[in-house]
Amino acid sequence: MMPISICFASFIFLFGLGWICCFLGVYLVLNDLVYFVDWGIVSLNGSSVIMTFLFDWMSLLFLGFVFIISSLVILYSDDYMSGDFNIFRFIMLVLMFVVSMMFLIISPNMISILLGWDGLGLVSYCLVIYYQNVSSYGAGMLTVLSNRIGDVALLMVIAWMINFGSWNFIYYLEFMAGSFEMELISFLVVLAAMTSSAQIPFSSWLPAAMAAPTPVSALVHSSTLVTAGVYLLIRFSPSFSCLLNTILLLVSALTMFMAGLGANFEYDLKKIIALSTLSQLGLMIMTVSVGLSSLAFFHLLTHALFKALLFMCAGGVIHSMGDSQDIRFMGGLSVYMPFTSSCLMVSSFALCGMPFLAGFYSSDFILEMISMSYVNVFGFLLLFISTGLTVCYSFRLFYFVLCGDFNFVSLYSMVDTNYNMVMGMVGLLVLSVLGGGALMWLICPTPSVICLPYYLSFLTFFFVSLGGFIGYEMAGFSFGDYLLSMYYYKVSSFSGSMWFMPFFSTYGVSFGPLGFGYSSMRVFDSGWMEYFGGQGLYWVLFNLGKVNQWVQHSSLKLFLGFFVMWVVLLFVLIY
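To keep things clear, this report deals only with the structure shown in the data block. This one's a predicted model, so the numbers in the text were calculated from it and none came from an experiment. Each chain carries its own residue numbering, running from 1 in the direction its sequence is written. Only residues with pLDDT of at least 70 get local features here, since the model is predicted, and only at 80 or more are side-chain atom pairs given and counted; chain-wide, interface and lining totals rely on the full set of residues. The basis for the side-chain values is all heavy atoms of the structure; hydrogens and waters are excluded.

## A look at the overall build of the protein chain
Alright, step 1. The secondary structure content of the protein chain amounts to 24 helices and two strands.
Alright, step 2. Over its C-alpha atoms the protein chain spans a radius of gyration of 31 Å, topping by over 25% the 25 Å that the globule rule assigns to 575 residues.
Alright, step 3. With respect to the three principal axes, the spread of C-alpha positions in the protein chain is 120 × 75 × 65 Å.
Alright, step 4. Buried, partly exposed and exposed residues are distinguished by accessible area as a fraction of the type maximum, computed with a 1.4 Å probe on protein chains only: under 20%, between the cut-offs, and over 50%, respectively. Out of the 575 residues in the protein chain, the part that is buried amounts to 50%.
Alright, step 5. Contacts in the protein chain between residues at least 24 apart in sequence constitute 80% of all its contacts with a sequence separation of at least 6.
Alright, step 6. For the protein chain, the exposed surface amounts to about 27,800 Å²; the carbon and sulfur share of it is 72%.
Alright, step 7. Charged-residue counts in this description rest on Lys and Arg as positive and Asp and Glu as negative, His and the chain ends being excluded. A charge is said to be at NZ when it belongs to Lys, at CZ for Arg, at CG for Asp and at CD for Glu. Positive and negative charge centroids in the protein chain, built from 12 and 23 side chains respectively, lie 20 Å apart. Each helix is a run of H or I in the DSSP string that is no shorter than four residues. Each strand is a run of E no shorter than two, and both are numbered from the N terminus. Our radius of gyration is a C-alpha quantity, and the globule rule it is checked against amounts to 2.2 Å times the number of residues to the power 0.38. Contact criterion: two residues are considered in contact whenever any of their non-hydrogen atoms come within 4.5 Å of each other. Computed with a 1.4 Å probe, the accessible areas rest on the Shrake-Rupley method; for each residue, only the protein chains presented here act as cover.

## What to know about unusual backbone geometry
Alright, step 1. Backbone torsion omega between isoleucine 200 and proline 201 reads 5°, so that peptide bond is classified as cis.
Alright, step 2. One non-glycine residue, glutamine 132, lies in positive phi territory at about 55°.
Alright, step 3. The topology assignment puts glutamine 132 in the loop between helix H4 (110-128) and helix H5 (134-161).
Alright, step 4. The exposed category is assigned to glutamine 132, whose relative accessible area is 62%.
Alright, step 5. In this model, phenylalanine 356 sits at a positive phi of 75°, which is unusual for a non-glycine residue.
Alright, step 6. Classification of phenylalanine 356 as exposed rests on a relative accessible area of 60%.

## Focus: the nonpolar core
Alright, step 1. Only buried residues count toward a nonpolar core. Its members are Ala, Val, Leu, Ile, Met, Phe, Trp, Tyr and Cys residues joined through side-chain atoms within 4.5 Å. Within the largest apolar cluster, 172 residues are counted, with the highest numbers of intra-cluster contacts made by Phe62, Met110, Phe236, Leu301 and Leu428.
Alright, step 2. Sorting elements by how many residues they give to this core places helix H12 (residues 293-320) first, with 18 residues.
Alright, step 3. Annotation comment: domain bounds sourced from an automatic or database domain assignment. A domain split of this core shows at least three residues from each of domain 1 (1-239) and domain 2 (241-477).
Alright, step 4. If near-sequence neighbours (up to four positions away) are discounted, phenylalanine 236 is found in contact with Met110, Phe169, Leu173, Met182, Ile185 and Val189.

## Describing the pairing of strand E2 (residues 47-55)
Alright, step 1. Relative to E2, strand E1 (residues 35-44) runs antiparallel, the two being bridged by nine bridges. Bridged to glycine 40 within E2 is isoleucine 50.
Alright, step 2. When DSSP finds two or more bridges between a pair of strands, those strands are recorded as paired. Taking the residues that link successive antiparallel strands as the turn, the E1-E2 hairpin has two residues, and the phi of asparagine 45 there is positive, at about 55°.

Laid out in structure tokens, this is it:
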């Protein structure tokens, strides 16, 4: 009898636990129930340490989705990481990641939220540097240091909440709304969420974190680390002031636009998908900022399903391409890898909002509700342009990956992925097709009446169609004219590098302190301080020693002169 592998055991446990959480969440939705569970950890001399857990429909549904997606990702990893000698360590890290996310989701207490938040940051660093090379190390440092800013913000929230007498923030959101303390706490929570969800100006760590193994990307960038910030914003949204919501709306709209534009100039398959994640995170945060928190949570769940599938398909393609991630080497994969290509198309169409797939129910609903809301024209235009850019880079991806001829080596063997990888993708494929409709019936049981004029109703369709057409056509353009090529190069270097944000986040932060340190070392340590300090004293004593040596160099007249001087001095002192 063969022993059960750790991947399969983890899959069975998490998959069952995930469905239990989902069914409990449905039960709480239908009966409108919320459970608080107080766990007394220790009680000593009248002082007790109590940990509180919050079980409502939101936390249980999100927890269920995290468990289900992580179980399918672990099943996928069984084949994808089969050649790795440290597979046990890898699965342990993934399980620690899931446990940290669980702490973050079910905690109404800032202390235990910080525990989960720090766990996510630490384990994500270990997973990003998993392949142990220089680029992974740089990406890991950028990831962990960006998220430390959020840690500091949460620590300041904990310090300010001492004024309330408790760290259970859930009790004070509406009661203390409008007070100076709550506004300050809300601002710090928004700062923490912006670092975790990679909003401008903290966006550069998200594409850099693609140095991690692909199963980690499927888990981290679909349902865990990047969505932790959005989940925190949804929880704290009742206490946000009008000014804070406006700032959040503008930052998230700019992030959406920047990520959508950057993905159209990117050639790395995983980075294109990471930028699409960044764009969707901007959409979720923008939805929170206009007061539609339930819709943001709805999109968070549906996005987790199809984005995890998209990363899994990318992993299968990269696996078959001999670890090459450049989409210019791909082409015609719909012939050689039909199942993976089908899953890639389904998940990409769900991302674009294709009717009756998972993404359609949430993203189309959000666009129509925002069209009915009071939103400034800048945010409104950026939202619809970013929607068009999403379809644009998806069709560009179809052109490079699925169409045309294969552009890699002449001798190749392209096959669809292994059994466990296929099973993991099938599970998410079913959820990506059916999950949106099921969640729509659960979260919005009463139909919303949306009343819009014709031009607003067809605006989404117009931008989606225009984006798809431009993306497919521009992918086949060849820029022959020299001036046009130079202009295209300038535009692509600016847009494709996320508006130079990675340079600002790395060189921009380190250049000033390192330059100041070099200048101070050159001027002080190796300059004036050395001249007046150790080396200067050495040369003074050295020259005095030379003079003394010259004076005492066997000169009879000097010896007699010194002798007479000392005799005279002694005579004066005595008499």
